[in-house]
Amino acid sequence: MSKRQRSTLAQRSAELAFAVPPVMAHRIARMALAGAAPSERDRREFTRMGAEKTAAFQQSWIAMAMQGWRAQQAFALFWWRACLSPWGPPSAQAIGTQLQSAALGVLGHGLAPVHRTAVANAKRLSRTRLR
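Presented here is an overview of the structure given in this document. (Residues numbered from 1 in each chain as written. Predicted model: local features only at pLDDT ≥ 70, side-chain atom pairs only at ≥ 80, totals over all residues. Heavy atoms only, no water.)

A word on the overall build of the chain
Stage number 1. The helix and strand tally for the chain stands at three helices and zero strands.
Stage number 2. Along the chain, helices and strands appear, N-terminal first, in the series α-α-α.
Stage number 3. The C-alpha atoms of the chain give a radius of gyration of 21 Å, which is well past the 14 Å a tight globule of 131 residues would have.
Stage number 4. Its C-alpha atoms give the chain principal-axis dimensions of roughly 75 × 25 × 15 Å.
Stage number 5. Across the 131 residues in the chain, those meeting the buried criterion constitute 26%.
Stage number 6. A separation threshold of at least 6 residues defines the contact pool for the chain, and within that pool the share at least 24 residues apart is 76%.
Stage number 7. Carbon and sulfur atoms form 65% of the exposed surface of the chain, whose accessible area is close to 9000 Å².
Stage number 8. On the chain, the mean spot of the 19 positive side-chain charges and the mean spot of the 5 negative ones are 10 Å from each other. (Helix = DSSP H or I, 4+ residues; strand = E, 2+ residues; numbered from the N terminus. Rg over C-alpha atoms; globule rule 2.2 N^0.38 Å. Buried < 20%, exposed > 50% of the residue type's maximum accessible area, 1.4 Å probe, protein only. Contact = heavy atoms within 4.5 Å. Areas by Shrake-Rupley, 256 points an atom, 1.4 Å probe, with all protein chains shown as cover. Lys, Arg positive; Asp, Glu negative; His and termini not counted. Charge placed at Lys NZ, Arg CZ, Asp CG, Glu CD.)

Some points on the pattern of salt bridges
Stage number 1. Counted under the stated rule, the structure contains six salt bridges.
Stage number 2. Here Arg-124 ties to Glu-45 by a salt bridge, and the two come within 3.0 Å at their closest N and O atoms. One end of the pair, Arg-124, is in helix H3 (residues 92–126); the other, Glu-45, is in helix H2 (residues 40–84), and 79 residues separate them in sequence.
Stage number 3. A residue is classified by how much of its surface remains accessible, and Arg-124, at 16% relative accessible area, is buried.
Stage number 4. Glu-45 sits in the buried class, given a relative accessible area of 7%.
Stage number 5. One salt bridge in this structure joins Arg-48 and Glu-52, with 2.9 Å as the shortest N-O distance. (Salt bridge = Lys/Arg side-chain N within 4 Å of Asp/Glu carboxyl O.)

Points about the environment of Ala-102
Stage number 1. Along the chain, Ala-102 falls in helix H3.
Stage number 2. Residue Ala-102 is classed as partly exposed on the basis of its relative accessible area, which comes to 22%.
Stage number 3. In sequence terms Ala-102 and Gln-67 are 35 residues apart; their C-alpha atoms lie 8.2 Å from each other.

See below:
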C-alpha cells in the first residue's frame, strides 16, 4: 500500500469519526421527540436508517472478502517468485511489508462503504430539521 493510500485511509477514518456523532445525535433526538407515535416522515427516516446500515455493512464485508482474496493471491505469487529466485527467500522486512499492505488494503476496502454512507448522512441530516 502506497503512502497515498495510507493517507487516504487515515483521512477516511478521521472523516468517519467526525461524521458519526452528529448523525447519531440527530437520530437519537429525533427518536426521542417522536416518542411512541412517530410521524410518517420519522418512520421513513427510521426505516432508511436500518436499510442503509444493513446495505453499507453488507457491501463492506463483500469488499473486504474480495480484497482479502486478491491479497491472498498476491501473497501466493510473492512466495512463488521467491521460491524461484536465485537470491533465496525474501527478507523478514519484505514479508512484513507484504502483510501490512494486505491488511491495510482489506481495511481500506471495508471502510469505504461505511464511510460513504455515514458522510452522506451527516451532510443530509445537517440540512434536515428535527421536526
